[in-house]
Amino acid sequence: ENGYRLWLRYDKVDNKALYTQYRASITQLVFPAKTATLTEAKNEITTGIKGLLQLDLPQKETVTANGALLICTPSSSKLINFSPVKEALKEVGQEGYIIRSLTVNGKLATVIAANTDIGALYGVFNFLKLLQTQQSIKNLAISDFPRTKIRLLNHWDNLDGSVERGYAGKSLWNWAALPTTIDPRYRDYARANASIGINGAVLTNVNANALILTKEYLVKVAALANTFRPYGVKVYLTARFSAPIEIGGLKTADPLDPTVRKWWKDKTDEIYQYIPDFGGFLVKANSEGQPGPQNYGRNHVDGANMFAEALASHKGIVMWRAFVYDEKVPDDRTKQAYTEFKPLDGLFKPNVIVQIKNGPLDFQPREPFSPLFGAMPKTTEMMEFQVTKEYLGFASNLVFLAPLYKECLDADTYSKGKGSTVAKIVEGKLDNHALSGMAGVANIGNNINWCGNTFAQSNWYAYGKLAWNPDLTSAAIADEWLRMTFNNDESFIDPIKKIMLNSREVAVNYMTPLGLHHQMSRNIHYGPGPWVTGGRADQTSIYYNKADSVGIGFDRTAATGSKAVEQYFPPLRNEFENIKTTPEIYLLWFHHVPWNYRMKSGETLWNELVDHYYSGVASVKEMQHTWDQIGPKIDAERFKEEQHALAVQHEDAVWWKDACLLYYQTFSHLPIPDKYEKPAHDLAYYKTLHLNPFR
Ligand code: BDP
């Protein structure tokens, strides 16, 4: 059990009664498959049934016995050209599928049908999931379809094989060996993505390298695209804004210069010669040193529309990131994306999508949702989540991210009155956009288990599932992931699911409770660094905690602070303006709060802060304790792996608690209550402590 098989293990169903029942209900396969995608779908169902039910299903031209599994699209076979299949297919669109228990030729059959090949593949994966999670396959009446059109992984992979913020080894893409050597992992990668509905991958880092756009690399990209294609995974690339200068020999990259526009047009046409279904570009411009239109006195619209024009005839898209970070240090960095982008609403071409990070700052353990969601109704807005845990303890810390994603997706922006959730905006529903999408910054590398840790795989899974359907619950996602990844033993599932569902809140408690943010160590972003100062102010911790003798927290109110609250629609803006109505989870995000402020619990802020840190550490101890009990229920490899990871996490939690509390205490001058064990070291010790994240 090295984790390579992810959630697609297909081991024999261990519940005897169900095993017998399933074998009686699945007796033959009717699956005409002539295309590459249907061939893969057929391989999948054959391998899955063989593994789960130890059956080599007889293949038939048509349904001849009870228990037939009939898998078709309208173009692969006429066998499904009957009611109610025809009608049901009208409801599921281009990528959806139905799974129905029906009578065909007078026999009981399970029909998996879709309008397209990829829909059929998704149907197959979801049928297998029913068996993997030991659900009933009687009287099935499932119709499912993705709520967003573009469901991408963003790989922050560099051409030298390193992965920015990657904690699972090197990049999967072996550029030196491509295009001649096709690592079998490329197929397995695409297959895993397809199993959760991910339909595209941006292969390269947002901090882009223009070389990827040269012929030498494009043929390699084409080889990857060919490998992914049967699984419905399109490739996209990051476009370095200054590429016309760097690889095109031009003197400028000014987006209004005709030679520059022509260069991008020609380059785009060239890409489509190699990759006819190329998805498009992702661009990080004028942010953290990346060049962009502002270098030439132009704006984001000028830049994005130039790419949009080049891509339009090919039906490609450009995803323009709203994560901007310019030369000037603002009074409040969290305001910048909204300030720069909102005035541009309505000016972007239809194939431009503005890609917005979930929070206004930068993938912190907790942020309120970005106020840009809903603020640009005439623009397609796409979500960017981080799947890799840059700010959440890297690969080792067990932090299940579905609750973080859900908190954002379920948040009400009030942009069109009550019920204007972030999810509806991202689905394109609220403002009727033709395009819609989500991006997840991948946590995948060439480690044998893909993500550096088994539980880290659950975040890849959860991201894919929520990109497909933001209404799914974290509990449902955790439940099915555990069943597929480990087993269906309730005495294992129940306690471990609880751990997963609490884990994000636990991490917030020991890292940045009550709305604190950006308190991590500099550069590496692993471990605490609340004292970080010097250099660019808005990259320091003290800029964000504003700890002083009075209190702690960033005043973002309109009355006395940065006025960031004004970027939210009412009534949220008023709720956040008032310290009494601000949810305590965001208290120090919006307010500078006196150490002796009375919290809702009746405790002082200081005491409650201390409680959160200690409770975070205590929760990790409990997680360890729970995990220790489940040893006999799972394989020794993954049991030991996680036991070690939790020990690392506990050490991290103590480190965060002690470092942060000792530092904040230099301002509060208040004691850690006697009921708690005091930190083992002094602040000076923690200031120089660097623990290896891969220990
Ligand atoms: C930050 C990362 C940095 C990325 C940046 C981005 O620390 O490595 O380049 O986000 O999203 O959180 O562009």
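About the criteria used
Residues numbered from 1 in each chain as written. Predicted model: local features only at pLDDT ≥ 70, side-chain atom pairs only at ≥ 80, totals over all residues. Domains from an automatic or database assignment. UniProt positions renumbered as here; feature names shortened; annotations may be inferred. Helix = DSSP H or I, 4+ residues; strand = E, 2+ residues; numbered from the N terminus. Contact = placed C-beta atoms within 7 Å. Near = placed C-beta within 6 Å. Nonpolar A, V, L, I, M, F, W, Y, C, P; charged D, E, K, R; others polar. Pairing = 2+ DSSP bridges. Axes fitted to C-alpha atoms, helices over the stretch in contact; angles between N-to-C directions. Core = buried A, V, L, I, M, F, W, Y, C linked by C-beta atoms within 7 Å. Buried ≥ 20, exposed ≤ 12 C-beta atoms within 10 Å, placed from the backbone. pLDDT = per-residue confidence, 0-100. Right-handed = clockwise from strand over helix to strand, strands pointing away. Parallel < 35°, antiparallel > 145°, perpendicular 65-115°, else oblique. Left-handed = near helix turned anticlockwise from the far one by under 90°.

Where do I start with the domain arrangement of the protein in this structure?
Reports often express the size of an interface as the amount of accessible area lost when the parts come together. We note that the domain assignment places domain 1 (16-144), domain 2 (150-230 + 270-283 + 317-331 + 352-468) and domain 3 (511-554 + 592-687) within the protein. Summarising the inter-unit geometry, the C-alpha centres of domain 1 and domain 3 are found 50 Å apart.

When you look at the UniProt feature "domain: Glycosyl hydrolase family 67 C-terminal" (unreviewed entry) in the protein in this model, what are you seeing that I'm missing?
Following the UniProt record, the feature "domain: Glycosyl hydrolase family 67 C-terminal" (unreviewed entry) maps to residues 451-675 here. Along residues 451-675, the helical share is 54% and the strand share 2%, with 39 Å between the first and last C-alpha atoms.

So what exactly am I meant to see when it comes to the environment of Leu 131 here?
Within the fold, Leu 131 resides in helix α4 (residues 117-132). Through-space distance from the C-alpha of Leu 131 to that of Gln 355 is 37 Å; in sequence the pair is 224 residues apart. Dropping the residues within four chain positions of it, Leu 131 is found in contact with Val 13, Tyr 22 and Leu 52.

Could you clarify how one ought to interpret the site of the ligand in this entry?
Taken together, the residues surrounding the ligand are Glu 164, Arg 165, Val 206, Asn 207, Lys 284, Glu 288, Phe 323, Asp 362, Phe 363 and Glu 390. For the shell around the ligand, the class distribution of residues is three nonpolar, one polar and six charged.

Which parts of the structure should I look at to understand the UniProt feature "domain: Glycosyl hydrolase family 67 catalytic" (unreviewed entry) in the protein?
When the UniProt feature table is mapped onto this chain numbering, "domain: Glycosyl hydrolase family 67 catalytic" (unreviewed entry) sits at residues 131-450. End-to-end, the C-alpha atoms of residues 131-450 are 24 Å apart, and along that stretch the chain is 25% helix and 14% strand.

What is the right way to look at the sheet that holds strand β3 (residues 97-104) in this model?
Whenever strands of a sheet pair, they do so through backbone hydrogen bonds, lying parallel or antiparallel. Taken in spatial order, the five strands line up as β1-β2-β4-β3-β5 in an open sheet, and their pairing is mixed. Two strands close off the open sheet at either side, each with one partner strand: β1 (28-30) and β5 (141-144). Neighbour-to-neighbour, the strand axes of this sheet turn through a mean angle of 25°, independent of strand direction. One ladder, built from three bridges, connects β1 with strand β2 (residues 68-72); its direction is parallel. Within the sheet, the bridge partner assigned to Val 30 lies in β2 and is Leu 70. Across the sheet, α4 touches β2, β3, β4 (107-113) and β5, and the angle it forms with β3 is around 75°.

Please explain the nonpolar core as it appears in this structure.
Ranked by internal contacts, the top residues of the largest apolar core, which has 214 residues, are Leu 70, Ile 71, Val 124, Val 235, Phe 307, Val 318 and Tyr 405. It is helix α20 (residues 636-668) that provides the largest number of residues to this core, a total of twelve residues. Setting aside anything within four residues of it in sequence, one finds Val 318 in contact with Gly 280, Phe 281, Val 283, Ala 304, Phe 307, Ala 308, Leu 311, Asn 351 and Val 352.

Would you mind showing me how to read the confidence of the model for the protein here?
Close reading of the predicted structure is inappropriate where its pLDDT is low. Averaged over the protein, the pLDDT score is 98; the fraction of residues at 70 or greater is 100%. Reported for the predicted complex are a pTM of 0.98 and an ipTM of 0.99.

It is not clear to me how the sheet that holds strand β11 (residues 352-357) should be interpreted in this structure. Could you clarify?
With respect to topology, eight strands assemble into a closed barrel ordered β6-β7-β8-β9-β10-β11-β12-β13, the strand pairing being parallel. Recorded for the sheet is a direction-independent mean angle of 25° between the axes of neighbouring strands. With five bridges joining them, β11 and strand β12 (residues 380-386) adopt parallel strand pairing. Bridging across to β12, Lys 357 finds its partner in Glu 384.

Explain the pairing of β2 to me, please; I cannot follow it from the model alone.
Most of β2 is tucked away: five of the five residues are buried. Since β1 and β2 lie parallel, the crossover through helix α2 (residues 36-53) that links them has a hand, and here it is left-handed.

Can you walk me through the pairing of strand β13 (residues 437-441) in this structure?
Each regular strand shows side chains that alternate between the opposite faces of the sheet. The buried fraction of β13 is high, at five of five residues. Going residue by residue along β13, you find Gly 437, Ala 439 and Val 441 tucked away on one face and Met 438 and Gly 440 tucked away on the opposite face as well. Here strand β6 (residues 150-154) runs beside β13; their pairing, made up of five bridges, is parallel. Within the sheet, the bridge partner assigned to Leu 153 lies in β13 and is Gly 440. Here β12 runs beside β13; their pairing, made up of four bridges, is parallel. Each residue of the ladder has a partner; that of Glu 384, found in β13, is Ala 439.

How should I be thinking about the environment of Met 438 in this particular structure?
Within the secondary structure, Met 438 sits in strand β13. When neighbours within four sequence positions are excluded, Met 438 is seen to be in contact with Thr 148, Arg 151, Met 382, Met 383, Val 426 and Ala 467.

Help me understand the packing of helix α11 (residues 402-409) against helix α14 (residues 474-485), please; the structure alone is not making it clear to me.
Two packed helices can be described by the angle between their axes and the distance between those axes. Contact geometry of α11 with α14 gives a least axis separation of 9 Å together with a crossing angle of 155°. With respect to each other, α11 and α14 are oriented roughly antiparallel. As for the relative orientation of α11 and α14, their crossing is right-handed in sense. Here Ala 402, Pro 403 and Lys 406 of α11 lie close against α14, whose contacting residues are Ser 474, Ile 477 and Ala 478. Classifying every residue of the contact of α11 with α14 by side-chain character gives four nonpolar, one polar and one charged.

How do you make sense of the environment of His 518 when you look at a structure like this?
Along the polypeptide, His 518 turns up in the loop between α15 (490-511) and α16 (542-545). Judged by the 25 C-beta atoms lying within 10 Å of it, His 518 is buried. With 110 residues separating them in the primary sequence, His 518 and Cys 408 have C-alpha atoms 18 Å apart.

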